[in-house]
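# Inside the fold
One letter stands for each residue in the lines below.
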Amino acid sequence: MGLKGRDVISIRDLAREEIDELLAAARRMIPYAEGRKRGHALEDQILVLAFFEPSTRTRLSFDTAMQRLGGRCVTIADPGSSSIRKGESLSDTVRMLSAYGDAIVLRHPNEGAARLAATVSDRPVINAGDGAGQHPTQTLLDLATMQEAFGTLSGLKVVLLGDLRFGRTVHSLAHALALFGSQMVLVSPPQLRLPEEVREQLDHAGAKVEEEEQLHRALRDADVLYVTRMQRERFGDDLEFARIADSYRVDTNVLAAAKSRLIVLHPLPRTVEIAPEVDGTPHAAYFRQASLAVPVRMALLSLILTGKAP
Amino acid sequence: MGLKGRDVISIRDLAREEIDELLAAARRMIPYAEGRKRGHALEDQILVLAFFEPSTRTRLSFDTAMQRLGGRCVTIADPGSSSIRKGESLSDTVRMLSAYGDAIVLRHPNEGAARLAATVSDRPVINAGDGAGQHPTQTLLDLATMQEAFGTLSGLKVVLLGDLRFGRTVHSLAHALALFGSQMVLVSPPQLRLPEEVREQLDHAGAKVEEEEQLHRALRDADVLYVTRMQRERFGDDLEFARIADSYRVDTNVLAAAKSRLIVLHPLPRTVEIAPEVDGTPHAAYFRQASLAVPVRMALLSLILTGKAP
Amino acid sequence: MGLKGRDVISIRDLAREEIDELLAAARRMIPYAEGRKRGHALEDQILVLAFFEPSTRTRLSFDTAMQRLGGRCVTIADPGSSSIRKGESLSDTVRMLSAYGDAIVLRHPNEGAARLAATVSDRPVINAGDGAGQHPTQTLLDLATMQEAFGTLSGLKVVLLGDLRFGRTVHSLAHALALFGSQMVLVSPPQLRLPEEVREQLDHAGAKVEEEEQLHRALRDADVLYVTRMQRERFGDDLEFARIADSYRVDTNVLAAAKSRLIVLHPLPRTVEIAPEVDGTPHAAYFRQASLAVPVRMALLSLILTGKAP
């Protein structure tokens with residue numbers, strides 16, 4: 001059916017073939033993203049960046065992606081300067097935004113906000129994170145990084161580490177890995193385990209998922225270590241947080257037993273989860289992952305707005 | 001004398017012929033505003049969007065309008081990040097801004113700020129709202145919506161409902177309706193009646209104005225119902241506010257007795273003044289009104305910056 | 001060695017010949033800056049404006065400068081909406097930014113931040129102010145204004161007035177004046193004298209520097225009076241501040257004894273340091289200085305991004 005004019009609210013809105021198409025397009029976008037080639041595909045198109053919650057990384061990468069292809073953006077970067085403060089409903093706000101731009105990128109603190117926006121808007125809506133909900137373009141760039149490293153998304157062994165309960169990027173990623181037939185190993189403190197319903201959906205999709213308490217055991221034969229941020233607020237006290245954060249901290253010692261080709265990913269920003277000493281190792285792929293944000297979002301914008309990607 | 005290089009501080013700065021010219025240009029801009037035609041008229045022009053008070057709707061529509069015609073914007077969206085915080089005078093700030101762009105759109109909390117800015121700036125200044133003062137481009141898009149619906153701005157019967165005291169959009173609109181010879185019916189709670197001096201100006205201009213307590217009576221034969229937001233702060237207590245807001249709430253019941261061609265307008269954002277059930281009726285013109293913000297502002301920018309509109 | 005790809009962290013990173021080249025390029029940029037000529041040199045280049053501290057004037061002039069040459073910007077204008085709030089290190093943030101744009105303009109509250117950013121980024125970093133540290137582009141526009149007025153930067157007598165201790169613009173300017181062989185007279189309250197180490201660096205560079213308590217004596221034969229803002233926080237109480245601010249206030253009376261060609265500069269925003277009555281005199285060059293911000297930054301961006309300036 002093609003991606004032109006489509007809303008992208010959840011990674012599950014995309015078929016495996018569509019994800020393949022997006023990732024292939026993203027690879028072709030890399031020289032444009034790096035400024036080595038000049039893009040024109042989105043000239044005269046206007047993208048509304050509606051960030052009702054701060055997210056510099058996501059906002060700037062969409063902005064860059066649009067402009068690298070000749071497009072323009074209008075931006076709400078600060079929730080405080082919004083009509084929402086005056087009591088306007090999200091529906092009314094979105095109706096306005098869809099009169100201004102050719103597509104809307106929405107970041108919102110409330111789960112379900114993007115889905116609601118899509119029903120109201122007559123322009124495509126891209127979900128850039130809705131509370132505890134979905135963040136599909138983050139998953140696309142996670143996948144793009146793995147595919148660049150291994151040439152495939154099938155048959156990989158991926159360790160998911162940290163906050164698997166509240167970390168929305170991990171839920172989306174798990175669904176995608178199931179779709180491509182990769183194996184997952186879950187490592188998390190007891191209070192941050194993957195929610196039951198996500199686990200059931202994965203089982204239902206025939207995903208290969210196991211849990212493992214010990215990180216060093218999980219890392220055996222692993223291809224990817226996907227680290228998430230654990231938030232202080234999830235723990236009873238500072239001491240408990242420090243103890244657990246420390247026991248899951250990824251450093252060169254932890255990685256000593258890993259395969260030489262193992263890559264470490266992180267949606268960033270990181271705080272203490274990955275020691276800076278890892279940055280200089282061949283395992284560190286999280287900065288590459290961050291830089292793929294631009295070509296992946298270029299591919300998505302181009303396919304949604306024009307139906308094709310250069 | 002033409003609009004090129006002109007300041008637009010109050011709707012009263014514009015002659016009837018100039019408003020006609022602007023509205024005709026706005027109609028021609030619609031295909032460009034909707035992205036169906038590609039505009040170049042403002043390439044290489046830079047518009048300064050100086051919003052010292054948040055107003056997402058106004059700011060984004062100016063930004064879109066400028067960019068739809070190939071122009072560029074530089075933006076102050078957040079009053080907190082401004083030199084004004086460091087104690088700079090508005091005059092000094094405006095002198096700086098006029099060195100950066102080809103025109104300035106100014107939103108400011110203080111009445112009279114735009115007029116002051118215009119005296120200091122050697123670039124055109126467009127008032128995008130100055131406190132309890134003026135908001136002329138809102139009036140232009142109100143007029144554009146009426147004209148699109150009725151083909152004329154003369155001989156209409158327009159009901160102005162709600163906060164007629166502090167609602168600056170209503171004052172500007174009333175002046176324009178007087179200019180075009182339309183009739184006004186004022187409906188408001190006693191504490192929010194049109195200020196005496198505005199009423200006197202209207203009388204002096206020969207406007208046909210009457211007051212009416214009952215909304216359903218005012219609606220007889222009315223062509224336009226212009227609804228404004230009533231702010232909680234204007235009332236003694238929550239109970240009084242709720243009672244009055246409820247008695248002026250526009251729903252399908254209230255509209256049952258109206259002419260089939262009556263249109264409901266609202267400068268938005270709305271909170272409780274118009275029931276969502278009205279959205280689906282042919283009376284609801286407020287979303288159309290919001291979307292005309294872009295072509296109207298395109299017309300204004302084009303005429304002020306280049307003296308003509310495509 | 002050319003300026004292409006260079007970081008500009010401190011004015012001392014630039015040789016005298018490079019400053020000359022920049023100022024000559026800035027002069028050629030003036031018609032482009034004023035919108036009389038159309039620039040294309042930076043088409044398809046993206047500049048990251050990373051302002052982790054508010055600075056409207058600096059941010060907008062960089063934004064305008066980039067866009068006047070056809071370039072594009074992506075912007076962090078509000079420190080609150082940044083990943084830094086989530087505990088990310090500056091290094092990680094800068095690595096991300098350097099994946100998004102072709103150069104980074106950084107404003108940061110911490111001294112040394114820009115130098116650190118430059119070591120991490122693989123794109124050029126321009127320091128737009130780092131706490132009590134450096135602000136080299138401000139110095140370039142200070143110099144551009146003097147050179148426009150006198151045709152040279154050598155052999156001038158420049159009075160530096162006000163907060164010479166914390167005012168970073170003054171430290172950078174003093175180094176540059178030493179480089180070009182102009183003479184400096186320092187006038188400040190005792191608690192705001194030039195720091196010893198800056199004074200020693202100047203002496204070491206062979207600069208002609210003297211101190212003078214009385215402003216009117218310092219002004220004898222002076223070509224330039226460079227005024228800085230004194231901040232209330234630097235003084236014990238309001239009374240002391242008021243007394244000292246008053247004794248250093250520049251008004252037409254103070255200027256009566258000055259040479260007719262003396263120009264008054266100020267990095268702006270000003271509060272009480274210069275009386276508004278000075279604005280109308282031929283001495284007032286601070287608005288011209290502010291407007292040169294655009295062509296100076298155009299020249300810098302063009303030389304750094306492309307190695308040449310139109």
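If you tally the helices and strands in chain A, you get 12 helices and nine strands. Here the C-alpha radius of gyration of chain A, 19 Å, is about what a compact globule of 310 residues would show, namely 19 Å. Within chain A, the proportion of its 310 residues that are buried is 57%. In chain A, the share of contacts with a sequence separation of at least 24, taken over all contacts with a separation of at least 6, comes to 75%.

All names here are of chain C. Of all the six residues making up strand β1 (residues 46-51), six are buried; the element is thus mostly covered by neighbouring parts of the structure. Examined bridge by bridge, β1 and strand β2 (residues 72-76) share five bridges and lie parallel to one another. The residue of β2 that forms the bridge with Ala50 is Ile76. Note that the unit made of β1, helix α2 (residues 56-68) and β2 has a crossover that is right-handed.

Okay, the packing of helix α3 (residues 90-100) of chain B against helix α4 (residues 113-120) of chain B next. Residue and element names in this part refer to chain B. Direction vectors running N to C along α3 and α4 enclose 55 degrees, while the axes themselves pass 9 Å from each other. If you check the angle between α3 and α4, you find them oblique. Between α3 and α4 lies a crossing whose hand is right-handed. Between α3 and α4, the residues in contact are Leu90, Ser91, Val94 and Arg95 and Ala113, Leu116, Ala117 and Val120, respectively.

With 21 residues of chain C at the interface, the matching set in chain A holds 21 residues. Of all the secondary structure elements, the ones that give two or more residues to the side of chain C that touches chain A are β2 and α3 (90-100) of chain C. It is α3 of chain C that provides the largest number of residues to the side of chain C that touches chain A, a total of five residues. Broken down by class, the residue content of the side of chain C that touches chain A amounts to six nonpolar, seven polar and eight charged.

Another point: the domain arrangement of chain A. Residues and elements named next belong to chain A. Taken domain by domain, chain A holds domain 1 (11-134 + 293-306) and domain 2 (137-290). Computed from C-alpha atoms alone, the centre-to-centre distance between domain 1 and domain 2 is 26 Å. Counting from both sides, the interface comprises 17 residues of domain 1 and, opposite them, 16 residues of domain 2. Elements represented by at least two residues in the side of domain 1 that touches domain 2 include exactly α1 (16-33), β4 (125-130) and α12 (293-306). Tallying contributions element by element places α1 first for the side of domain 1 that touches domain 2, with five residues. When its residues are assigned to classes, the side of domain 1 that touches domain 2 shows 11 nonpolar, two polar and four charged.

The next thing to look at is the relation of the copies chain B and chain A. Once turned by 120 degrees and shifted 0.1 Å along the axis, chain B lies on chain A with an RMSD of 0.0 Å. Both chain copies can therefore be described as sitting about a three-fold axis. Measuring from the rotation axis to each C-alpha of chain B, the shortest distance belongs to Asp78 of chain B, at 4.7 Å. The fraction of interface residues of chain B whose copies in chain A are also interface residues is only 5%, indicating that the copies meet through different surfaces.

Now for the relation of the copies chain C and chain A. For these two chain copies, the linking operation is a rotation about an axis paired with a shift along it. Between chain C and chain A, which share one sequence, the superposing operator has a rotation angle of 120 degrees and an axial displacement of 0.0 Å; the RMSD is 0.0 Å. Mapped onto chain A, only 5% of the interface residues of chain C are again interface residues, and the two copies thus contact each other with different surfaces.

This part covers the sheet that holds strand β3 (residues 103-108) of chain C. Residue and element names in this part refer to chain C. Read across the sheet, four strands follow the order β2-β1-β3-β4 without closing on themselves; strand pairing throughout is parallel. The open sheet has two edge strands with one neighbour each: β2 and β4 (125-130). Each strand of the sheet is rotated relative to its neighbour by a mean of 15 degrees, with strand direction disregarded. The pairing of β3 with β4 spans four bridges and is parallel. Looking across to β4, one finds that His108 is bridged to Asp130.

About the thresholds
- Residues numbered from 1 in each chain as written.
- Chains lettered and ligands numbered in written order.
- Predicted model: local features only at pLDDT ≥ 70, side-chain atom pairs only at ≥ 80, totals over all residues.
- Helix = DSSP H or I, 4+ residues; strand = E, 2+ residues; numbered from the N terminus.
- Rg over C-alpha atoms; globule rule 2.2 N^0.38 Å.
- Buried ≥ 20, exposed ≤ 12 C-beta atoms within 10 Å, placed from the backbone.
- Contact = placed C-beta atoms within 7 Å.
- Pairing = 2+ DSSP bridges.
- Right-handed = clockwise from strand over helix to strand, strands pointing away.
- Axes fitted to C-alpha atoms, helices over the stretch in contact; angles between N-to-C directions.
- Parallel < 35°, antiparallel > 145°, perpendicular 65-115°, else oblique.
- Left-handed = near helix turned anticlockwise from the far one by under 90°.
- Nonpolar A, V, L, I, M, F, W, Y, C, P; charged D, E, K, R; others polar.
- Domains from an automatic or database assignment.
- Least-squares fit on C-alpha atoms with pLDDT ≥ 70 in both.

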